[in-house]
Amino acid sequence: MSNDIKELKSAERRNFLELVGKGGFTAAVAAGASGVLWSSEAVAQTAKEDAERERAAEHTMTIATSYILGASRYFPLQQLDLKENIQNATNGKVYVKLAPNGQLGVGSVLAQKAQAGTIQAAQHSLSNFAPFAPTVDLINLPYFCGSNQRFTNLVSSDIWKREVHPKVEANGFKALFYVVIDPRTVAVRKGIDKVIAPGDLSGVKFRVPGSKMLQQYYRLVGANPTPVAWGETPSAIKQGVADALDPSVGALYAFGFADILSHITFTQAVPDSQVYSCNLEWFKSMPRDVQEGIDFASEITTQQNLAKVPAARNFAIGEFKKAGVEFHSLSRDQLGEWQEAGGYQRSEWDQFKVDLAGSMGTFDRLAEAAGTMGRYYVHDA
């Protein structure tokens, strides 16, 4: 590295630390995530604008997430977009303080903090939402809403809002908006051949979380479900304790699996989706125009997320291909083979449907909504 580059990097670090030290962390990471060169002028401009917004605001809304701000490049959470949209749509009455990268916790911890009102809003997976609103776990029924389009149709439908949202709100949450990432995949470690059909999973030790539904699904399609805690999964895959796992491409990239895997197949069984949840009591305490502004900002950010999905996927795929990982998209007939082997239409899933939806009739109406094109289009792998 030349002396000039070393000096530039050193100046960037000094500027960043200076801004953070003055309480401008959000401004610092916002500038960094947007690709701003770390000149003193750029940092000062970003900090000045953010500080002015904070001073002028009547309310502060802390939104905590598990990922770095730059993660939207491969995991389209749109954190900066949500901040900007809420501030603008409320006419500056709300200042959004971002707490990214697990500063305040991750996953279920963030859901608990949003429920308790420790923070105003949080990003987490729908699986981490399910313990507080069990109906949401319907999304883990295989091929019920695994594709991006079916998931988007479902969560934007009137029946989802009518049947699911009251149960979410009864637990102290308001769902701001659902985040499409991409479906879960079948990703196998180096030394294991590609998986195209369910028969290819015979004898494969498939890493699963604690979800009973996912464990049952992988048994139905012929794998050997192997429960492994998420934090132990990379080493389990490296050591051959498990042969395969199922996060979306963006999640696999985010957690550093590029050098461990050999093949990734898009089976579209279950969405690997997220939600931004808000403390309901705090939201209802806001003036009506602020509530409407936050709702409108959530709608805008929803559409930005849907537009970002293929770009984020392409970035992650490109990075995996550099590491030698091969990708496999399946035909309609091939996807049909997976659904026939383990899909939600099978009788093995009937008790889950009744328990989570409340009745088979309600479940059937939700399934119809998932298959009915709504107002949003989203790209599928």
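Here's what I pulled together on the structure shown here. (Residues numbered from 1 in each chain as written. Predicted model: local features only at pLDDT ≥ 70, side-chain atom pairs only at ≥ 80, totals over all residues. Heavy atoms only, no water.)

**With respect to the sheet that holds strand β4 (residues 173-179)**
- Reading across the sheet, the five strands line up as β2-β1-β3-β10-β4 and stay open at both edges, with mixed pairing between neighbours. The open sheet has two edge strands, β2 (94-99) and β4, and neither has a second partner. When the angles between neighbouring strand axes are averaged without regard to direction, this sheet yields 25°.
- In the sheet, strand β3 (residues 121-125) pairs with strand β10 (residues 274-279) via five bridges, with the strands oriented antiparallel. Within the sheet, the bridge partner assigned to Ala121 lies in β10 and is Cys278.
- Lying over the sheet, helix α4 (residues 79-89) contacts β1 (59-64), β2, β4 and β10, oriented at roughly 165° with respect to β2. (Pairing = 2+ DSSP bridges. Helix = DSSP H or I, 4+ residues; strand = E, 2+ residues; numbered from the N terminus. Axes fitted to C-alpha atoms, helices over the stretch in contact; angles between N-to-C directions. Contact = heavy atoms within 4.5 Å.)

**Here's the deal with the layout of surface pockets**
- Within this model, the largest pocket holds a volume of roughly 860 Å³.
- As for the largest pocket, its lining consists of 35 residues, and the residues nearest its centre are Ser125, Ser127, Asn128, Arg184 and Asp272.
- The set of elements that each furnish at least two residues to the lining of the largest pocket consists of β3, α6 (126-129), α10 (212-220), α12 (249-254) and α16 (350-357).
- Residue composition of the lining of the largest pocket, grouped by class: 17 nonpolar, twelve polar and six charged.
- Considering only enclosed or pocket space, the second largest pocket measures out at about 460 Å³ in volume.
- Lining the second largest pocket are 21 residues, and of these Val155, Lys161, Leu176, Phe177 and Tyr178 sit closest to its centre. (1 Å grid on protein atoms, 1.4 Å probe; cavity = no way out; pocket = protein on both sides within 12 Å on 5 of 7 lines; lining within 4 Å. Points joined across faces, edges and corners; volume = space filled by probe spheres on them. Nonpolar A, V, L, I, M, F, W, Y, C, P; charged D, E, K, R; others polar.)

**Quick word on the environment of Tyr344**
- Counting through the fold element by element, Tyr344 comes out in the loop between α15 (332-342) and α16.
- Each residue touching Tyr344, except ones within four places of it in the same chain, is listed here: Leu141, Pro142, Tyr143, Phe144, Arg150, Gln339, Trp349, Lys353, Phe363 and Ala367.

**Considering the packing of α4 against helix α14 (residues 288-322)**
- The interhelical angle for the contact between α4 and α14, taken along N-to-C directions, is 145°, at an axis separation of 8 Å. As for the relative orientation of α4 and α14, their crossing is right-handed in sense. Residues Asp81, Leu82, Asn85, Ile86 and Ala89 of α4 lie in contact with α14, whose contacting residues are Gly293, Ile294, Phe296, Ala297, Ile300, Thr301 and Gln304.
- Of the residues belonging to the contact of α4 with α14, the class tally is seven nonpolar, four polar and one charged. (Left-handed = near helix turned anticlockwise from the far one by under 90°.)

**Remarks on the pairing of β2**
- In terms of burial, β2 is largely enclosed, as five of its six residues are buried.
- In this structure, β1 lies alongside β2, joined through six bridges in parallel fashion. When the sheet's bridge partners are listed, His59 is paired in β2 with Val94.
- Crossover β1 to β2 through α4 is right-handed. (Buried < 20%, exposed > 50% of the residue type's maximum accessible area, 1.4 Å probe, protein only. Right-handed = clockwise from strand over helix to strand, strands pointing away.)

**Regarding α15**
- Turning to α15, its buried residues number three or more, namely Leu335, Trp338, Ala341 and Gly342. The arc that holds the buried residues of α15, viewed along the axis, is 125°, so those residues lie on one side. Turned more than 90 degrees from where α15 packs its buried face, Arg332, Asp333 and Glu340 sit exposed.
- As for α15, its buried residues are in contact with β5 (186-189), α10 and β9 (261-266). (Arc of directions from axis to C-beta.)

**As for the pairing of β1**
- With five of six residues buried, β1 lies mostly within the body of the structure.
- Here β1 pairs with β3 via two bridges, running parallel. Each residue of the ladder has a partner; that of Ile63, found in β3, is Ala121.

**Things to note about the pattern of salt bridges**
- A full pass over the atoms with the stated rule returns 13 salt bridges.
- Linking Arg53 and Glu84 is a salt bridge whose minimum nitrogen-to-oxygen distance equals 3.6 Å. With a gap of 31 residues between them, Arg53 in helix α3 (residues 40-56) and Glu84 in helix α4 connect regions that are remote in the sequence.
- Glu84 sits in the partly exposed class, given a relative accessible area of 34%.
- For Lys353, the salt bridge is made with Asp350, and the minimal N-O distance between the two is 3.4 Å. A residue pair is termed a helical-turn pair when its members lie 3 or 4 positions apart in one helix, as Lys353 and Asp350 do in helix α16 at three residues.
- Look at Asp350 and you get partly exposed, because its relative accessible area is 28%.
- Each of Glu49, Arg53 and Glu84 takes part in one network of salt bridges that share partners. (Salt bridge = Lys/Arg side-chain N within 4 Å of Asp/Glu carboxyl O.)

Treat this as a map of the structure, not an account of what it does.
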